[in-house]
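Architecture at a glance
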Amino acid sequence: MDANLIQEPEQRSFGDMLRFFRGQTINRRKGKPLSQEQLGILLTDQLGLIISRNKVNNWETNKISPHPQRDRELMVAVVEILKKHNGIKSLDDANQLFEAGNYQALTDQEIDQIDPGWKQPVAQQNAVGPASFQQTVTYPYSQASPVDLRRSFSSYIADKLKGFVGREFIFDAISSFIKGKPSGYLIIRGDPGIGKTALLAKLIDDHGYVHHFNIALQNIRSARIFLENVCLQLIARYNLPHSSLPQNATENSSFLSQCLNEAASGRGNHPVVIAIDALDEADHTGLPADVNSLYLPPSLPDGVYIIVTVRRVVDLHLQVSNPQTLDLEADSDGNLRDIKTYIEKYVVRKQMQDRLSAWAVTREQFTDTLVKKSQGNFMYLYYALPAIEGGKFTDGGLDELPEGLLAYYQRHWRQMREGNEREFDKMYEPIDCMLGVAQEPITLEHISNWTKLEKSQVKHAIDKWYEFLLDTRQDEQHLYRIYHASFQDYLKNEVDLTRYHKMIADYYLRLANMK
Ligand SMILES: Nc1ncnc2c1ncn2[C@@H]1O[C@H](COP(=O)(O)OP(=O)(O)OP(=O)(O)O)[C@@H](O)[C@H]1O
Ligand SMILES: [Mg+2]
């Protein structure tokens, strides 16, 4: 990567700051910053004006600058895109960019367009400006979280917020719940991929709630990690009189309850809200049978609300007084409206327009069909829209698209197998399954060691599964993991994964000369 991209410039011209903030962005698929060309394409898509790589380069090298009045819309779009890709993280960052070019600060209306959450008190906004060069941290008190967790959550939240649309009907229900009850648990239930984590990320981003994500794919699922994280955030956020966690803080719920009581008594008129994602992914093993998952207290002090999201599972291990449940139904009007909005926003892209012309379908026909095919599932759209745009479904017409998320996975799996059965059995399946059983992001080398396949073969197979993977970088190395738990679930149903767990164990036993 160009080293200049990660240095905050001392002389803050508009071009320098733009280059700096672009350097802080994360391109979801590639795991690196947006290029000048990509920024130009995104602006072109958003504004319908052609913004070339050259133009972005000319801004960044201070050859030209956008016009203060005529290009106002363009400037707001730049901030929007940099924010969406996590380069600009706060109103303060945006203002720094504008100040560097002597542009008038963002108006209330423009802030609303970019992110209404930016109008909150400064204390709730991101305190980490560009000078810190840190990974994103959404709120000052989040810095109290253990550092690894903070990094994981920051990028997790940023990823889930990309292209976020709608959910007003759920946000309304949440605020009625908080206004209407003295305290309590709200359980938001929905199918895999319907958008529970994304909605929680948005809630946290808008309100700065204390939060925790259980992420089985990253082995973040223990009660210990949860208690440590949430207690530290509560202490920092509500200025509680504890300089460190007591030794037994993560062994039962008593310290958490104490923190909640203390936070509640010093909260003034504001509710204390904790947002917890994927309670169903939390690990209950080793906990006494009658204890709640994550040691969550059965009752809460007045003014304290806990919002949890869950899939529909048989036993949540959650016995609490008067919980309220909100079902996020795939075929509800609110959900289908949001799904439609998401498609409508995507379909205006230039390449999508070309695809639609080739299929001879109108935007409306395409949108209606995709709403049906997705069965109200956002994860489906996350895969299908870029795949359509990239030309994956060019053979048939719209009918070629599978019905629902499971069918989408099945189609890909079947096509891979039919394409070359020998290679599938030898490479594609084992490599995919290794990713399915790994508890954390892994390198090509890990997979090569575990499967005894060449690194080039591993890379080739990874390219075939790329659509379902998350590719990040650490110390110049690519790390891969399965993007979404629903694909891991699909694998579990398709293949007996114990064989792959055993292959990994065997490798380490051999290494330790124990076998
Ligand atoms: N409202 C939304 N706007 C835009 N994208 C969304 C929205 N909701 C979800 N998505 C995208 O759809 C994908 C699936 O969403 P998410 O991970 O939140 O599902 P989930 O319900 O948490 O699934 P699981 O039960 O498996 O955890 C994600 O990539 C997410 O970013
Ligand atoms: Mg989720």
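Please read these numbers as outputs of a predicted model, since none were measured by experiment. (Residues numbered from 1 in each chain as written. Chains lettered and ligands numbered in written order. Predicted model: local features only at pLDDT ≥ 70, side-chain atom pairs only at ≥ 80, totals over all residues. Heavy atoms only, no water.)

Here we look at the nonpolar core
Among the nonpolar cores identified, the biggest contains 97 residues, and Ile174 and Phe366 are the most heavily contacted of them. Top contributing element to this core by residue count: helix H15 (residues 378-389), with 10 residues. The contacts of Phe366, once residues within four sequence positions are left out, are Ile343, Val347, Met352, Leu356, Trp359, Val361, Leu385, Ile388 and Leu398. In this structure, Val210, Val230, Cys231 and Leu234 belong to the second largest nonpolar core, which totals 36 residues. (Core = buried A, V, L, I, M, F, W, Y, C linked by side-chain atoms within 4.5 Å. Buried < 20%, exposed > 50% of the residue type's maximum accessible area, 1.4 Å probe, protein only. Helix = DSSP H or I, 4+ residues; strand = E, 2+ residues; numbered from the N terminus. Contact = heavy atoms within 4.5 Å.)

Overview of helix H5 (residues 91-100)
Inspection of H5 places Leu91, Asp93, Ala94, Gln96, Leu97 and Phe98 among the buried residues, and these make up the whole buried set. Looking at the buried side of H5, the elements it contacts are helix H1 (14-23), helix H4 (72-84) and helix H6 (108-114). Phi for Asn102, located one or two positions after H5, is positive at around 55°.

What to know about the domain arrangement of the chain
Its domain assignment divides the chain into domain 1 (3-137), domain 2 (142-327), domain 3 (333-401) and domain 4 (414-511). Each of domain 2 and domain 3 has a C-alpha centre, and the two are 34 Å apart. Both faces combined, the contact of domain 2 with domain 3 buries some 760 Å², and carbon together with sulfur accounts for 54% of it. Along the contact surface separating domain 2 from domain 3 lie one salt bridge. Across the pair Asp338 and Arg167 runs a salt bridge whose closest N-O atoms are separated by 3.0 Å. (Domains from an automatic or database assignment. Buried area = accessible area lost by both parts, 1.4 Å probe. Salt bridge = Lys/Arg side-chain N within 4 Å of Asp/Glu carboxyl O.)

Overview of helix H17 (residues 421-437)
End to end, H17 covers 22 Å across 17 residues, agreeing with the expected 24 Å (1.5 Å per residue, within 8%). At Tyr428, H17 is bent by approximately 30°, the largest bend along its length, and proline Pro430 sits one to four residues beyond. Most of H17 is tucked away, with 12 of its 17 residues classed as buried. For H17, every residue scored as buried is listed here: Phe424, Met427, Tyr428, Glu429, Pro430, Ile431, Asp432, Cys433, Met434, Leu435, Gly436 and Val437. (Expected span 1.5 Å × (residues − 1). Bend = angle between axes of the 7 residues up to and from the residue.)

Overview of the site of ligand 1
Taken together, 20 residues sit near ligand 1, with Lys160, Lys196, Thr197, Arg311 and Tyr483 positioned nearest. In the environment of ligand 1, an oxygen atom lies 2.6 Å from a nitrogen or oxygen atom belonging to the side chain of Lys196. Between ligand 1 and Ala198 there is a distance of 2.8 Å, counted from an oxygen atom to a backbone nitrogen or oxygen. The protein chains hide 97% of the 630 Å² of surface that ligand 1 would expose on its own. (Near = heavy atom within 4 Å. Polar contact = N/O pair within 3.5 Å; in protein donor to acceptor, adjacent residues only side chain to side chain. Areas by Shrake-Rupley, 256 points an atom, 1.4 Å probe, with all protein chains shown as cover.)

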